[in-house]
Amino acid sequence: MPVGIFRVCLVVITAIINHPLLFPKENGTIPENTEEIIQKMKEREEILRLEQLRLEQEIAGQEARQKALEKAAKVVEESKEEKVPWDMWTAISLVIFLLIELWRQDFQEGNWQDTGGEEDEMAVLGKVFKGVVLPDKATLASFYEKRILGTTGDMARMREMVEGFADDLLEALRSVCNRDADMEVEDCMGVGSMYENWRVRKPFVCDLIVPFAPPEPYCFRSQTWCSGDSFPPDEQGYGTIKVCRADEGVAGCICDKTKLGEDMLCLLHSQANTARRPSSEMEDLLCFKNTQYLDADQVMKWFQIAVTKAWNRISHKYEFDLSFSLLDSPGALKIKFKSGKSIAFNLTPVVQYENSDVYFISHFPRSGLAADLPSSTRWFLTFAVYERRFIQLVCKMLPANACHVSCLQILSFLHGKQCSLTGPSGLTNYHLKTVLLHLLQARPCQDWAPEKLEARLQDMLKFLEKCLHEKKLYHFFIGNGKIPAELGFPIIFQRAEPLNLFRPFVLHRDVYKKTVDTFHEMLRNTSALINEYTVHIPHAHTNGIHKESL
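In this report, we go over the structure that sits alongside the text. Every value quoted in this text rests on a predicted model; they were computed, and no experiment measured them.

1. So, the pattern of salt bridges
Any two side chains of opposite charge can pair, so long as their charged atoms come close to each other.
Link 1 in the chain: Inspection of every chain in the model, using the stated rule, returns 14 salt bridges.
Link 2 in the chain: A salt bridge links lysine 513 to aspartate 517; the nearest nitrogen and oxygen atoms lie 3.1 Å apart. Placement of the pair is lysine 513 and aspartate 517 together in helix H15 (residues 509-532), with a separation of four residues, close to one helical turn.
Link 3 in the chain: Glutamate 521 is paired through a salt bridge with arginine 524; the nearest N and O atoms lie 3.2 Å apart. Residue glutamate 521 and its partner arginine 524 are located together in helix H15, separated by three residues, close to a single helical turn.
Link 4 in the chain: Using a relative accessible area of 48% as the deciding quantity, one classes arginine 524 as partly exposed.
Link 5 in the chain: A cluster of three or more residues bridged by salt bridges with shared partners is formed by Arg443, Asp447, Lys452, Arg456 and Asp459.

2. Let's talk about the pairing of strand S8 (residues 342-352)
Link 1 in the chain: The element S8 is largely enclosed, with a buried count of eight among its 11 residues.
Link 2 in the chain: Looking at chain direction, strand S7 (residues 332-337) and S8 are connected through five bridges and run antiparallel. What sits directly across from leucine 333, in S8, is phenylalanine 345.
Link 3 in the chain: In this structure, the hairpin formed by S7 and S8 is closed by a connection of four residues, where glycine 340 is found at a positive phi of approximately 105°.
Link 4 in the chain: Relative to strand S9 (residues 359-361), S8 runs antiparallel, the two sharing three bridges. Paired with valine 350 across the bridge in S9 is isoleucine 361.
Link 5 in the chain: Turn length for the S8-S9 hairpin, with the two strands adjacent in sequence and antiparallel, is six residues, and the turn residue glutamate 354 shows positive phi of about 50°.

3. Re the environment of alanine 213
Link 1 in the chain: Considering the arrangement of structural elements, one finds alanine 213 in strand S3 (residues 205-213).
Link 2 in the chain: Considering only alpha carbons, one finds alanine 213 and glutamate 184, 29 residues apart in sequence, at a separation of 5.1 Å.
Link 3 in the chain: Setting aside its immediate chain neighbours within four residues, alanine 213 contacts Met183, Glu184 and Phe220.

4. As for unusual backbone geometry
Link 1 in the chain: In this chain, lysine 202 is followed by proline 203 through a cis amide linkage whose omega measures 0°.
Link 2 in the chain: Within the element layout of this structure, proline 203 appears in the loop between helix H6 (193-196) and S3.
Link 3 in the chain: Omega for the bond connecting glutamate 216 with proline 217 falls within 30 degrees of zero, at 10°, which places this linkage in the cis form.
Link 4 in the chain: Along the chain, proline 217 falls in the loop between S3 and strand S4 (218-224).
Link 5 in the chain: At glutamate 354, a residue that is not glycine, the phi angle is positive and equals roughly 50°.
Link 6 in the chain: Mapped onto the elements of the fold, glutamate 354 is located in the loop between S8 and S9.

Cut-offs and rules
- Residues numbered from 1 in each chain as written.
- Predicted model: local features only at pLDDT ≥ 70, side-chain atom pairs only at ≥ 80, totals over all residues.
- Heavy atoms only, no water.
- Salt bridge = Lys/Arg side-chain N within 4 Å of Asp/Glu carboxyl O.
- Helix = DSSP H or I, 4+ residues; strand = E, 2+ residues; numbered from the N terminus.
- Buried < 20%, exposed > 50% of the residue type's maximum accessible area, 1.4 Å probe, protein only.
- Pairing = 2+ DSSP bridges.
- Contact = heavy atoms within 4.5 Å.

Right, dumping it as structure tokens:
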């Protein structure tokens with residue numbers, strides 16, 4: 001036992017003495033008599049080697065004498081008793097070595113961790129905004145009146161014209177479809193910036209969604225990423241739509257899973273229907289090949305063909321042409337007048353989620369961050385109807401001529417103008433709108449008075465800067481337990497995990513850096529961009545300018 005302790009201590013002392021951290025080479029000086037030192041080290045090494053051999057011989061002799069004196073049974077017992085303390089001392093030695101190594105690594109990290117890295121490129125976040133001086137209230141008011149209100153006055157007439165034409169087109173679509181086999185199309189609904197009165201950049205585009213349902217006796221059964229099914233992290237916010245017979249349970253009819261006898265027949269399905277169902281019938285219902293899941297690409301083709309047939313039926317009534325403006329969007333339409341003017345609008349098919357106003361949308365406008373979907377059976381969920389209702393609900397409690405829409409319009413204009421100068425970034429108008437929704441819920445109603453436009457615009461910029469720094473901007477509705485009960489929002493989405501809209505920034509660092517650079521440039525150019533479209537007026541002229549149509 002003493003010999004074992006002595007051996008361990010000798011090893012530990014030798015390791016500590018020879019550890020490079022205690023005697024770093026870079027801090028030492030070059031001795032003058034190098035050869036003498038080397039010779040002494042060799043002699044010392046030889047002495048230690050001889051001493052080690054002598055100790056080993058003594059230990060071997062002691063162990064031999066001990067084995068000769070003791071009986072075989074006692075030797076076995078003593079070996080068992082000595083194994084435990086030897087293992088204990090071995091473990092202690094390993095712990096000591098590990099502690100020394102961790103101490104050395106921490107010491108080294110402290111010297112280089114401040115030298116730089118990719119994250120340090122973003123260290124300016126929080127500093128840029130402090131050096132930005134926004135225009136005063138009078139300049140902001142003049143800019144809003146002349147640049148934004150002056151260009152958005154005809155939005156109401158455009159909405160009315162597009163809605164009237166869309167209703168006529170959908171009515172014609174219903175007449176050309178087979179009511180027994182084709183999808184049933186419902187009335188369209190307006191969503192987005194044009195119907196929330198904050199779109200500022202041209203061309204103005206109306207976004208209309210068109211719910212559709214399968215023909216009888218079929219129905220849609222939807223599954224979302226938060227309903228307990230397994231969805232990977234990059235598919236959060238998506239779901240699937242299964243086409244089922246209304247007279248079947250979720251699991252399907254028993255005839256699909258049980259072999260019936262030759263003299264037995266399912267009362268729900270004939271043999272002909274059973275043979276046709278997996279392939280032809282499901283494909284006729286716009287499902288993905290050999291599955292019961294609704295295919296967004298099949299829906300796109302069906303909708304484009306149906307719209308084309310409908311337009312051919314009513315085109316003689318109008319003195320303009322209608323065409324598809326984008327090949328990868330099923331309902332991106334453009335009206336072309338003989339005068340050369342045109343009006344663009346989106347007519348997008350959607351599927352209702354249960355009995356709510358949440359919809360599965362077949363093709364959602366992609367941003368630079370959005371990745372291609374792994375499958376066309378994955379449908380994106382849109383909460384646009386609830387977003388519009390929330391803004392309308394909040395407006396009833398805000399002061400007259402509140403500045404919330406003005407803030408969003410100014411920020412949207414500045415960002416769009418900056419992107420036209422330096423190229424697109426990962427930020428979208430939907431991100432800016434999400435920032436406003438969070439602040440509308442967080443700040444008291446009186447803080448949105450028209451004279452507080454400058455302060456609220458600063459709040460939006462600071463909030464957006466903070467989200468960019470943290471790479472976290474959570475969806476307003478998903479995971480938000482404070483949604484007003486008056487909206488009737490589905491509880492399943494309130495209880496879901498918050499959805500980070502900036503998650504792609506974590507995966508695409510080049511896009512993140514470009515977005516941050518564009519945001520910084522926008523902050524630096526804010527005064528110049530606003531002054532470019534502003535006629536300077538006396539500071540007293542600050543009231544009665546912020547008009548809202550909500």
